[in-house]
Amino acid sequence: MTDLDAFPCSLPPGQHSHTMVALIRQVVTWLERWHGEARTRSPLPGPVTLPPVAPAPWGLDANHLMEDLDLLVRGSYNPWHPGAMAHLDPPPNPASVAGELVCAWLNNNMLAEELSPLLSQLERRLLGWIAQRLGLGEDGGGVMASGGTLCTITALVTARHQRGLDGQHACLYASADCHSSLAKALRVMGLPAAVLRLVPTDASGRLDPHLLDEALAQETAPILAVVATAGTTIRGAVDPIGLIADICHRRGLWLHVDGAIGAVCGLSQRHRGRVAHMGRADSLTMNPQKWLGIAKASAMVLLRQPQALADTFAAPLAYMEPARVAHGGDCGLQGTRPAEVLKLWLGLRQLGQQGIDGLLDGALHRAQVLRQGLAPLPLILPSGDLHIVCFRPSAAGSGEAWSRRTRQRLLDQGLMLSRPLYHGERYLKAVLGNPFTRREQIATLVDTISASLSR
């Protein structure tokens, strides 16, 4: 009989279980120290030399690994700083970070139920609960995927298949302010860019339902779906979903809601009115990573009839035991994927309903305070429905140089905003989802903007 102990271990010493636990403890201690310093570091760091990328001849010990990690962290975007207001990337929820660690440790695969027995059930149950809270009905559910773009692609491929339009050049209707993921979805689906029909928005940045109805009445090509946006990327506008749903119902069309930003409002009794009638959609996307701070990636596509996912994507998994419902790999584009539901579940459990409400309340209040501070200044300040505030000088064509100069001045003070291009003009944009942002940072922001306009 072969003596297995006679074979040399194929794993380097750093991967033995006791050494792995010690390494994780060291990482946690190091992260604790780094976290204590994070609020004093700039949101956007200066240049840092990248450590070597190729493996060394022999595996590194823990101390050398930590040295390399330290360089990477010092050169990374810092969401913990109270001045980090540039994007929809808040500090991560602590329980979701723990969930990420446990997820990696378990290394379960959501491809098939036997590879993730209880976690597969957890994903179905939790997403079913979320779908019901958002108004999709008791049978609603879905699947998690790596980011909103992949969720959008999943939803639109499902819509095309369910409508019997596979292989046809069907068109897609959406707001002129829709997300770029729609264009990516069409490319992946083999459809030309011209099939994306952009409907003008009103003065509030919302899709105009009357213009939508008129355009649909004149359309001669098959219609894949209509997309309503619950939170546009630059100004946070929410399309009139109820009126759009009326049109889609009357015309027998699939309605998808891109709720990557705003759909989380549907989890709160106080704020669900901001995304009213979202539950009338056939499919919708939601990204808890963008507002609730669930560690990336945390995104999902939800359907009123989730069986449509398996009907669209299921392929034989002859090497797996049959599933009781449907394998995770049968319900979307991804086969192998981590159990990201674990960090979502832990994060929501830590927050509780009061915590969810508090994150939404805080972000919306900070946005209101900033708007009030900017209102007296000579700015174009487009309205918005969520926690995003964008603005530029009143003089047309002056935003490019002003935004670049002012953004740098803000960075010098530890305040980071972004510079989106919107309707041909360059704006500054603040996203107020960072719970560490206080009135002090908002007051400094307003003062800096005011000074920049008086030069």
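The rules behind each value
- Residues numbered from 1 in each chain as written.
- Predicted model: local features only at pLDDT ≥ 70, side-chain atom pairs only at ≥ 80, totals over all residues.
- Heavy atoms only, no water.
- Helix = DSSP H or I, 4+ residues; strand = E, 2+ residues; numbered from the N terminus.
- Rg over C-alpha atoms; globule rule 2.2 N^0.38 Å.
- Buried < 20%, exposed > 50% of the residue type's maximum accessible area, 1.4 Å probe, protein only.
- Contact = heavy atoms within 4.5 Å.
- Areas by Shrake-Rupley, 256 points an atom, 1.4 Å probe, with all protein chains shown as cover.
- Lys, Arg positive; Asp, Glu negative; His and termini not counted.
- Charge placed at Lys NZ, Arg CZ, Asp CG, Glu CD.
- Patch = residues over 30% accessible without salt bridge, like charges linked within 9 Å, V, L, I, M, F, W, Y side chains within 5 Å.
- Salt bridge = Lys/Arg side-chain N within 4 Å of Asp/Glu carboxyl O.
- Core = buried A, V, L, I, M, F, W, Y, C linked by side-chain atoms within 4.5 Å.
- Pairing = 2+ DSSP bridges.
- Axes fitted to C-alpha atoms, helices over the stretch in contact; angles between N-to-C directions.
- Arc of directions from axis to C-beta.
- Right-handed = clockwise from strand over helix to strand, strands pointing away.
- Polar contact = N/O pair within 3.5 Å; in protein donor to acceptor, adjacent residues only side chain to side chain.

Looking at this structure, how should I read the overall build of the protein chain?
When you go through the protein chain residue by residue, the secondary structure sums to 13 helices and twelve strands. Against the globule reference of 23 Å for 455 residues, the protein chain gives a C-alpha radius of gyration of 24 Å, in line with a compact fold. Considering only C-alpha atoms, the protein chain reaches an extent of 80 × 60 × 40 Å along its principal axes. Buried residues in the protein chain amount to 51% of all 455 residues. Pairs at least 24 apart in sequence give 72% of the contacts found in the protein chain among residues at least 6 apart. Per element, the accessible surface of the protein chain, about 21,400 Å² overall, is 56% carbon and sulfur. If you average the places of the 41 positive and of the 38 negative side-chain charges in the protein chain, the two averages end up 8 Å apart.

Would you mind showing me how to read the environment of Trp80 here?
For Trp80, the position within the fold is in the loop between helix H2 (62-74) and helix H3 (94-106). Taking relative accessible area as the criterion, Trp80 reaches 16% and is therefore assigned buried. Spatially, the C-alpha atoms of Trp80 and Pro92 are 8.4 Å apart, while their sequence positions differ by twelve residues.

Please clarify how a nonpolar patch on the surface should be interpreted in this entry.
Taken together, the side chains of Met20, Val102, Trp105 and Leu106 present a nonpolar region at the surface, about 350 Å² in accessible area. Ranked by the residues each element gives to the nonpolar patch, the list is headed by H3, at three residues. Among the structural elements, Trp105 can be located in helix H3. On the basis of relative accessible area, Trp105 is assigned to the partly exposed category, the value being 45%.

Sorry, what's going on with the nonpolar core here?
Looking at soluble globular proteins, one finds that nonpolar side chains tend to be buried together. By size, the foremost hydrophobic cluster in this structure holds 94 residues, and its most contacted members are Ile130, Leu172, Leu212, Val226, Leu255, Val257 and Leu302. When near neighbours in sequence (up to four residues on either side) are disregarded, Leu302 contacts Leu127, Ile130, Ala131, Leu134, Leu136, Gly141, Gly142, Asp282, Ser283 and Leu284. Met85, Val369, Trp402 and Leu415 belong to the second-largest nonpolar core, a separate cluster that totals 20 residues.

How should the sheet that holds strand E3 (residues 196-199) be read in this particular structure?
In sheet architecture, strand pairing relies on hydrogen bonds along the backbone and comes in two forms, parallel and antiparallel. Reading across the sheet, the seven strands line up as E1-E7-E6-E5-E4-E2-E3 and stay open at both edges, with mixed pairing between neighbours. Strands with a single pairing partner mark the edges of an open sheet, and in this sheet they are strand E1 (141-145) and E3. Strand-to-strand twist in this sheet, taken as the mean axis angle between neighbours without regard to direction, amounts to 20°. Relative to strand E6 (residues 283-286), strand E5 (residues 255-259) runs parallel, the two being bridged by four bridges. Across the sheet, residue Gly259 finds its bridge partner in E6, namely Met286.

How should the environment of Met66 be read in this particular structure?
The residue Met66 is located in helix H2 in this model. C-alpha of Met66 to C-alpha of Trp30: the two residues are 36 residues apart in sequence and 8.1 Å apart in space.

Before we go on, may I ask you to explain helix H7 (residues 209-218) in this structure?
Among all positions in H7, only Pro209, Leu212, Asp213 and Leu216 are buried. Taken down its axis, H7 places every buried residue within 95° of arc, on the same side. With respect to the buried face of H7, the exposed residues turned more than 90 degrees away are His210 and Gln218. The inward-facing, buried residues of H7 contact strand E2 (171-175), E3, strand E4 (223-229) and helix H8 (241-251).

Honestly, the sheet that holds strand E8 (residues 379-380) in this entry has me stumped. Any pointers?
Strand order across the open sheet formed by three strands is E8-E9-E12, with antiparallel pairing between neighbours. Here the strands that pair on one side only, and so sit at the sheet edges, are E8 and strand E12 (428-431). Relative to E12, strand E9 (residues 388-393) runs antiparallel, the two being bridged by four bridges. Pairing of Val389 across the sheet is with Ala430, part of E12.

I would appreciate a short explanation of the pairing of E5 in the present structure.
For a regular strand, side-chain orientation follows a simple rule: the groups alternate between the two sheet faces. Across the five residues that make up E5, a large majority, five, are buried. Residues Leu255, Val257 and Gly259 line one face of E5 and the alternating positions His256 and Asp258 line the opposite face, and both faces are buried. Pairing between E4 and E5: four bridges, direction parallel. Considered in E5, the bridge of Ala228 is made with Val257. The parallel pair E4 and E5, bridged by H8, forms a crossover whose chirality is right-handed.

Just to check I follow, could you spell out the side chain of Ser175 for this structure?
Structurally, Ser175 is set in strand E2. The class of Ser175 is buried, set by a relative accessible area of 0%. Here the side chain of Ser175 touches Asp177 through a polar contact of 2.8 Å, landing on its backbone nitrogen. Not counting residues up to four positions away in its chain, the partners in contact with Ser175 are Leu198, Val199, Thr201, Leu207, Val227 and Asp239.

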